[in-house]
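Close look at the chain arrangement
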Amino acid sequence: MRYAMVIDTKKCVGCSDCVVACQTENNVPIGYCRDWITERVEGAYPILELELRSERCNHCENAPCVRCCPTGASHIIEGGIVLVTPDECIGCGACIESCPYDARYQHPDGYVDKCTFCHHRLEKGQLPACVSVCPTKCMYFGDLDNPNSEVSQLLKARKHKTLAPEAGTKPHVYYLI
């Protein structure tokens, strides 16, 4: 199994419900976030193109954060989810510097924190909090290895992209365009 998230940039309205759901579900300290909304505008007036998208850790197959972690606190578990074990993290920040997505932050308690795809919810058969609250239903989550899963079907049917493909990280967050 390889978990993946697919986000439809044509449906996202930038409401930030996903950000608030994540902060609430995961007790993220005020002033920090595990996911965020990015706005990209291209073109020249009057012909402009706007893309809104929800960004987070990309749970990469070739994760530089895991390779550079001196303690093994950053690691990949079954399903391809990249996690940080707070008790093993020394807060050196090497993983923060190595991430091409700027998806990690230094938690006030001294360890590095990031999106976990709400691993604790997945263990209960629930979707990540961000996916479950999205009012436009622009976020999808599932198993890339299952050709019949919704994420696999969407990636077959729609044009899509990943962020920073030149980094060679093989991210598991895809954006429908």
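So, here is what we can say about the structure in this document.

What counts and what doesn't
- Note on numbering: residues in each chain are counted from 1, in written sequence order.
- Residue-level local features of this predicted model are given only where pLDDT is at least 70; pairs of side-chain atoms are given and counted only at 80 or more, and the full residue set underlies all totals for whole chains, interfaces and linings.
- As a rule here, side-chain values come from all non-hydrogen atoms in the structure, and water together with hydrogens is ignored.
- Two strands qualify as a pair provided DSSP detects at least 2 bridges between them.
- Starting at the N terminus, helices and strands are each numbered in turn, a helix being any DSSP run of H or I of at least four residues and a strand any DSSP run of E of at least two.
- In this analysis, two residues are considered to be in contact whenever any of their non-hydrogen atoms come within 4.5 Å of each other.
- In this description, a line fitted to the C-alpha atoms serves as the axis of each element, helices being fitted only across the stretch in contact, and the angle between N-to-C directions of two axes falls anywhere from 0 to 180 degrees.
- Nonpolar side chains (Val, Leu, Ile, Met, Phe, Trp, Tyr) within 5 Å and like charges within 9 Å form the patches, drawn only from residues with over 30% relative accessible area and no salt bridge.
- Here the Shrake-Rupley method, with its probe set to 1.4 Å, supplies the accessible areas, and only the displayed protein chains count as covering residues.
- By convention in these notes, a salt bridge is any Lys or Arg side-chain nitrogen within 4 Å of a carboxyl oxygen on Asp or Glu.

Right, let's talk about the sheet that holds strand β10 (residues 173-176) for a bit. What holds strands together in a sheet is hydrogen bonding between their backbones, with the strands either parallel or antiparallel. Taken in spatial order, the 4 strands make up an open sheet running β8-β1-β10-β9, and their pairing is mixed. Either end of the sheet is taken by a strand with one partner, and the two such strands are β8 (139-143) and β9 (160-161). Note: β9 against β10, 2 bridges, orientation antiparallel. Across the sheet, His 160 pairs through a bridge with Leu 176, a residue of β10. Against the sheet, helix α6 (residues 150-157) engages β1 (3-8), β8, β9 and β10, with an angle of about 115° to β8.

The next point concerns a nonpolar patch on the surface. A surface patch of nonpolar side chains, about 480 Å² in accessible area, is lined by Val 41, Tyr 45, Leu 48 and Leu 50. Summarising the element assignment, Leu 48 is placed in strand β3 (residues 47-56).

What is shown is where atoms sit, not what they do.
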